[in-house]
Amino acid sequence: MLKKMILFWMICLPLQAASALEPIPRIDFVDAGVLDVVQVLAKQAGLDVVASADPSASAKRVTVHLNQVTAEEAIDHILRSNGFNYERRGRVILVSTLPQDLSPTAYKGGSRVVKLKYLSADRVCQLLAKLNPQVVSLSGERANTLVLRGRDSDLLEVEGIIEEIDRPTPQILIESRVVEIAESDAIRLGINYNNGAFKLLTDKDTRKTSLGESLSTIINSLVGAGKAQVVASPRIATLDNHEAVINIGNRIPFSVPVSSSGSQTQWTVEYIDAGVKLKILPKLGEEDHITADIQPEVSSISEWRATPAGEFPVISTRNASSTVRVKNGETIVVGGLMSETDRVNTTRVPVLGHIPFLNFFFQNRTVEKAKTEIVFLITPHVI
């Protein structure tokens, strides 16, 4: 008996020397009852304890060696590590041995109605189901609201999480230009830096080389000289981490047989998209850096091919895929999408070149192969 009293005095001595609001320098318990330790720590913090009379709870023992923690933190560590379920209400700590899935029956639950400002209620419900399964969350049908039910301590924790994550999602404006450049000028623009296509400047301090004039200026000069043409210049805004799709072109119809009965064949009309398509998924990072997943595509009909079921279009497609990181307002250049087309030039002798059946002898036809490169200029802006 005397040995136990001396051990208890040695345990409590450092606790009495510490303030309830300050970390306790050292907490040492060796093979002590869990509920006894909790009562000692609660007394140090000015709290009361109501514990279950379950014999298995009184029989649990614990060894504790903690430094520089408050009494409340120590109580939390000890109870959770030994399988106890507890809840604090004011200055009273309720300790139970009920399993976690039965904990709502141990303490009176509460309800909360939370109105969301930016996030959707369905997405928040899915997130809360993973973070805190003890709280039941339902999304409102008419308003963007959540109905929460659970223990008061869990509800406070969930409300804190919602307050942190329910923030406005940044928007990103995507400015893009699709430029078609003749092959010779495309080579000058993209490869050969020694023939005057680019003016380069090198900083004498950082030794960093950069363009002396903007890429937009170079493109504009090619367009003005008739060596390039702007196919499209769309602009679209999207939320952070949401894909934006730009599709400029034509929907080409063609007939497809679906059934045949006797001498009659039933046909249906299907469509193929051809033109310029750009898919971009921007992700906003720190210091206005934007990581973008880019998938540009240019397609056109190269020919109509005859089959036993009819004529079908053959689509020529040029696409690329890339992931890059740029600063806000910097331009991403995606090139190398080459195209080759045949251009027929016909010259005729006046009058004689237009006479039916004889015009073949008074005209000259030449086939010129034209090669072009499609360049995408993509500039994301945070708005």
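About the criteria used
Residues numbered from 1 in each chain as written. Predicted model: local features only at pLDDT ≥ 70, side-chain atom pairs only at ≥ 80, totals over all residues. Heavy atoms only, no water. Pairing = 2+ DSSP bridges. Helix = DSSP H or I, 4+ residues; strand = E, 2+ residues; numbered from the N terminus. Axes fitted to C-alpha atoms, helices over the stretch in contact; angles between N-to-C directions. Contact = heavy atoms within 4.5 Å. Buried < 20%, exposed > 50% of the residue type's maximum accessible area, 1.4 Å probe, protein only. Arc of directions from axis to C-beta. Salt bridge = Lys/Arg side-chain N within 4 Å of Asp/Glu carboxyl O. Parallel < 35°, antiparallel > 145°, perpendicular 65-115°, else oblique. Left-handed = near helix turned anticlockwise from the far one by under 90°. Nonpolar A, V, L, I, M, F, W, Y, C, P; charged D, E, K, R; others polar. Phe/Tyr/Trp six-rings, centres within 6.5 Å; stacked < 30°, edge-to-face > 60°. Core = buried A, V, L, I, M, F, W, Y, C linked by side-chain atoms within 4.5 Å.

*Asks:* Give me the lowdown on the sheet that holds strand 7 (residues 136-139), citing residues and values where you can.
*Replies:* Taken in spatial order, the 3 strands of this open sheet run 6-8-7, and their pairing is antiparallel. One side of each edge strand has no neighbouring strand; the edge strands of this open sheet are strand 6 (110-115) and strand 7. Neighbour to neighbour, the strand axes of the sheet diverge by 20° on average, direction disregarded. Seen against the sheet, helix 7 (residues 152-165) touches strand 6 and strand 8 (145-150) and runs at an angle of roughly 10° to strand 6.

*Asks:* Which residues make up helix 6 (residues 121-131), and what are the values?
*Replies:* Taken residue by residue, helix 6 has Ala-121, Val-124, Cys-125 and Leu-128 as its buried positions. All buried residues of helix 6 fall inside an arc of 105° around its axis, so they share one side. Seen from the open side of helix 6, the exposed residues pointing more than 90 degrees away from its buried face are Arg-123, Gln-126 and Lys-130. Buried residues belonging to helix 6 abut strand 7, strand 8 and helix 7.

*Asks:* Mind laying out the sheet that holds strand 5 (residues 92-96), listing which residues take part and the relevant values?
*Replies:* The 3 strands lie next to each other as 2-5-4, forming an open sheet whose pairing is mixed. Pairing within the sheet leaves two strands with one partner each, and these edge strands are strand 2 (48-51) and strand 4 (85-89). Averaged over all pairs of adjacent strands, the angle between strand axes in this sheet comes to 20°, irrespective of strand direction. With respect to the sheet, helix 4 (residues 71-81) is in contact with strand 4 and strand 5, its orientation differing from that of strand 4 by roughly 155°.

*Asks:* I'd like a rundown of the pattern of salt bridges, residues and numbers included.
*Replies:* According to the stated counting rule, one finds 9 salt bridges in the structure shown. Here Asp-31 ties to Arg-61 by a salt bridge, and the two come within 3.1 Å at their closest N and O atoms. In this pair, Asp-31 is assigned in strand 1 (residues 24-33) and Arg-61 in strand 3 (residues 61-69), connecting sequence segments 30 residues apart. A salt bridge links Arg-305 to Glu-303, with the shortest nitrogen-to-oxygen separation between them at 3.1 Å. Glu-303 gets classed as partly exposed once you look at its relative accessible area, which sits at 37%.

*Asks:* Summarise the packing of helix 2 (residues 34-45) against helix 4; cite the residues concerned and give the values.
*Replies:* Two elements in contact, helix 2 and helix 4, have axes whose closest approach is 9 Å; the angle formed by their N-to-C orientations is 165°. With respect to helix 4, the element helix 2 is oriented roughly antiparallel. At the point where helix 2 passes helix 4, the crossing takes the left-handed sense. Residues Val-34, Val-37, Val-38, Leu-41, Ala-42, Gln-44 and Ala-45 of helix 2 form the contact with helix 4, whose own contacting residues are Ala-71, Glu-72, Ala-74, Ile-75, Ile-78 and Leu-79. Among the residues making up the contact of helix 2 with helix 4, the classes are represented as 11 nonpolar, 1 polar and 1 charged.

*Asks:* Please set out the packing of aromatic side chains residue by residue, giving values where relevant.
*Replies:* Under the criterion given, the structure shown has 1 aromatic pair. Centroid distance Phe-254 to Phe-312: 5.7 Å. Interplanar angle 70°. Geometry classified as edge-to-face. With Phe-254 in strand 14 (residues 244-261) and Phe-312 in strand 17 (residues 310-319), the pair connects residues that are 58 residues apart, well separated along the chain. Overall, Phe-254 belongs to the buried group, its relative accessible area being 11%.

*Asks:* Provide a residue-level description of the side chain of Ser-299, including the pertinent values.
*Replies:* With respect to the helices, strands and loops of the structure, Ser-299 is situated in strand 16 (residues 289-307). Not counting residues up to four positions away in its chain, the partners in contact with Ser-299 are Asp-273, Ala-274, Gly-275, Ile-315, Ser-316 and Thr-317.

*Asks:* Before we move on, can you summarise the nonpolar core with the specific residues and values?
*Replies:* Residues Ile-27, Leu-41, Ile-78 and Leu-79 are the most contacted members of the largest nonpolar core, which totals 27 residues. Contributing elements (two or more residues each) for this core: strand 1, helix 2, strand 3, helix 4 and strand 5. Apart from residues no more than four positions distant in its own chain, Ile-78 is found in contact with Val-34, Val-37, Val-38, Leu-41, Val-62 and Val-64. Grouped together as the second largest cluster of nonpolar side chains are 19 residues, Val-178, Leu-278, Ile-290 and Ala-292 included.

*Asks:* I'd love a proper account of the packing of helix 6 against helix 7, names of residues and values included.
*Replies:* The N-to-C vectors of helix 6 and helix 7 enclose an angle of 135°; their axes lie 12 Å apart at closest approach. Classified by the angle their axes make, helix 6 and helix 7 are oblique. When the axes of helix 6 and helix 7 are compared, the crossing they make is right-handed. Of helix 7, the residues touching helix 6 (which contributes Val-124, Leu-127, Leu-128 and Leu-131) are Val-158, Ile-161, Ile-162 and Ile-165. Grouping the constituent residues of the contact of helix 6 with helix 7 by class yields 8 nonpolar, no polar and no charged.

*Asks:* I'd like a description of unusual backbone geometry, backed by residues and values.
*Replies:* The phi angle at Asp-31 is positive, at roughly 50°, despite the residue not being glycine. At Glu-287, a residue that is not glycine, the phi angle is positive and equals roughly 55°. On the secondary structure map, Glu-287 appears in the loop between strand 15 (264-284) and strand 16. When its relative accessible area of 71% is taken as the criterion, Glu-287 is described as exposed.

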